[in-house]
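A closer look at the structure
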Amino acid sequence: MGIVLGPNRYGKAEVRMVFVNRESPVHEITDVNVTSQLIGDFVDTHLTGANDAVIATDTQKNTVYALARTGGITSPEEFALRLARNFVDQYDQVTGARMAVEQFGWTRISTSAGPHDHAFAKGTEEKRTTVVVKDGAAEHVVSGLTGLVVLKSTGSEFWGFPQVDYTSLVETADRILATAVTATWVHSSTDLDWNATFTTIREALLEAFATTHSLSLQQTLYAMGKGALEAVPEVAEIRLSLPNKHHFLVDLDKWGLDNPNQVFFAADRPYGLIEAAIVREEAPVPTGIWAAAGLFA
Ligand SMILES: O=c1[nH]c(=O)c2[nH]c(=O)[nH]c2[nH]1
């Protein structure tokens with residue numbers, strides 16, 4: 001029995017970079033947060049501190065900047081794939097990589113003279129996400145979004161649940177349904193129009209949220225995932241994490257006022273947390289991809 005080094009990866013986390021595409025006077029900006037991590041033969045540095053094989057995390061950071069300069073950024077997925085391939089192709093000791101890219105949204109400012117060429121307003125808390133996992137020649141692209149806050153002011157019910165010990169929730173046929181969508185999906189291809197795919201999935205999620213008459217957030221979640229899988233055949237599985245952002249009707253009785261679903265208390269915690277994977281049966285996700293794409297510990 002001994003003590004040995006287990007799975008490991010290392011790199012530079014959260015390289016914040018804004019790339020300005022100046023190909024035309026109408027600039028485009030891409031605002032990203034890149035985490036680069038390498039996998040390979042790095043036993044020596046862990047066991048003895050010999051760094052002969054270690055591509056410094058500082059070098060990885062600089063590579064992020066350099067590859068943006070040489071190839072631009074057309075999508076987080078394309079950029080993450082290019083970074084992963086760069087490291088694995090270039091260094092023998094690097095057998096794999098995990099590249100994570102978050103993208104923040106900016107919109108062009110509209111002025112009285114029309115859309116401005118180079119002035120932008122930062123969007124909401126919503127972020128587009130991607131993780132590329134490369135293991136030798138095998139590549140997987142996992143994409144998603146987080147912080148997409150949505151609300152329906154009606155078209156949501158919740159009733160029929162068991163009245164067991166400690167149940168106090170009153171059944172309702174009309175409530176506010178609100179959530180902050182985190183969605184993550186695995187592609188079955190590494191060669192897609194990433195921006196079009198992202199837009200299609202985001203629209204499918206919103207369409208299902210809006211049009212499903214909800215009897216539970218669980219039902220809405222399933223409809224959202226199903227809609228995404230129907231919209232893009234190259235998505236093998238989607239996972240959704242939906243906090244139920246509760247809105248409680250305020251009791252105005254003591255002031256002689258009724259409250260026909262108009263005045264709500266927006267609670268921030270505790271919140272329901274509804275999570276599920278919606279899977280395409282005929283296209284199973286390769287074992288280990290979710291773990292490899294996720295946080296290490
Ligand atoms: O959509 C809901 N699902 C639940 O499981 C649940 N539980 C609860 O208290 N409220 C709700 N709402």
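Residues numbered from 1 in each chain as written. Predicted model: local features only at pLDDT ≥ 70, side-chain atom pairs only at ≥ 80, totals over all residues. Heavy atoms only, no water.

As recorded by an unreviewed UniProt entry, the protein chain carries the name Uricase and is attributed to Nakamurella flava. Taken verbatim from the UniProt record of the protein chain, the Pathway (unreviewed entry) comment is "Purine metabolism; urate degradation; (S)-allantoin from urate: step 1/3." Recorded in UniProt for the protein chain, the comment headed Function (unreviewed entry) runs: "Catalyzes the oxidation of uric acid to 5-hydroxyisourate, which is further processed to form (S)-allantoin." (UniProt positions renumbered as here; feature names shortened; annotations may be inferred.)

**A short note on the side chain of Ser75**
Mapped onto the elements, Ser75 comes out in the loop between helix 2 (57–71) and helix 3 (76–90). Residue contacts for Ser75: discarding those within four places in its chain leaves Arg128, Trp194 and Asn195. (Helix = DSSP H or I, 4+ residues; strand = E, 2+ residues; numbered from the N terminus. Contact = heavy atoms within 4.5 Å.)

**Describing the domain arrangement of the protein chain**
One can read the domain layout of the protein chain as domain 1 (1–136) and domain 2 (147–297). Using C-alpha coordinates to define each centre, domain 1 is positioned 29 Å away from domain 2. At the interface, 15 residues of domain 1 touch twelve residues of domain 2. A combined buried area of about 1,200 Å² lies between domain 1 and domain 2, and 53% of that area is made up of carbon and sulfur atoms. When the buried area of domain 1 at its contact with domain 2 is split by residue, Arg9, Glu126 and Arg128 rank highest and sum to 43% of it. For the interface between domain 1 and domain 2, the tally reads one salt bridge. The shortest N-O distance in the salt bridge between Arg202 and Glu126 comes to 2.8 Å. The interface formed by domain 1 and domain 2 includes eight residue pairs in polar contact (both at pLDDT 80 or more). Broken down by secondary-structure element, the contributors of at least two residues to the side of domain 1 that touches domain 2 are helix 3 and strand 4 (114–135). Of all the elements, strand 4 adds the most residues to the side of domain 1 that touches domain 2, at five residues. By residue class, the composition of the side of domain 1 that touches domain 2 is four nonpolar, three polar and eight charged. (Domains from an automatic or database assignment. Buried area = accessible area lost by both parts, 1.4 Å probe. Salt bridge = Lys/Arg side-chain N within 4 Å of Asp/Glu carboxyl O. Polar contact = N/O pair within 3.5 Å; in protein donor to acceptor, adjacent residues only side chain to side chain. Nonpolar A, V, L, I, M, F, W, Y, C, P; charged D, E, K, R; others polar.)

**Digging into the pattern of salt bridges**
A side chain of one charge can pair with a side chain of the opposite charge if their charged atoms are brought near each other. Enumeration over the complete set of coordinates arrives at twelve salt bridges. Residue Glu28 is joined to Arg108 by a salt bridge in which the shortest nitrogen-to-oxygen separation is 3.8 Å. Taken together, the residues span a long stretch of sequence, with Glu28 in strand 2 (residues 28–40) and Arg108 in strand 3 (residues 94–111) at a distance of 80 residues. The class of Arg108 is partly exposed, set by a relative accessible area of 25%. Taking the shortest distance from any N to any O, the salt bridge between Arg128 and Glu77 comes out at 2.8 Å. With Arg128 in strand 4 and Glu77 in helix 3, this pair connects stretches of sequence that are 51 residues apart. Residue Arg128 shares its accessibility class with Glu77, and that shared class is buried. (Buried < 20%, exposed > 50% of the residue type's maximum accessible area, 1.4 Å probe, protein only.)

**Re the site of the ligand**
The ligand sits among Phe158, Leu169, Arg175, Ser216, Leu217, Gln218 and Asn244. Within the backbone of Leu217, one N or O atom sits 2.7 Å away from an oxygen atom of the ligand. Asn244 places a polar side-chain atom, nitrogen or oxygen, 3.4 Å from a nitrogen atom of the ligand. The fraction of the free accessible surface of the ligand (290 Å²) that becomes covered by protein chains is 71%. Residue composition of the shell around the ligand, by class: three nonpolar, three polar and one charged. (Near = heavy atom within 4 Å. Areas by Shrake-Rupley, 256 points an atom, 1.4 Å probe, with all protein chains shown as cover.)

**Some remarks on the UniProt feature "binding site: 5-hydroxyisourate" (unreviewed entry) in the protein chain**
Within this structure's numbering, the places UniProt gives as "binding site: 5-hydroxyisourate" (unreviewed entry) are Thr57, Phe158, Arg175, Gln218 and Asn244. Their sequence span is 188 residues, while the largest C-alpha to C-alpha distance among them is 50.3 Å; these annotated residues do not converge on one region. Structurally, Thr57 is set in helix 2. What Thr57 contacts, discounting residues up to four positions off in sequence, is Tyr10, Gly11 and Lys12. Polar contacts involving the side chain of Thr57 include one to the side chain of Lys12, which spans 3.0 Å.

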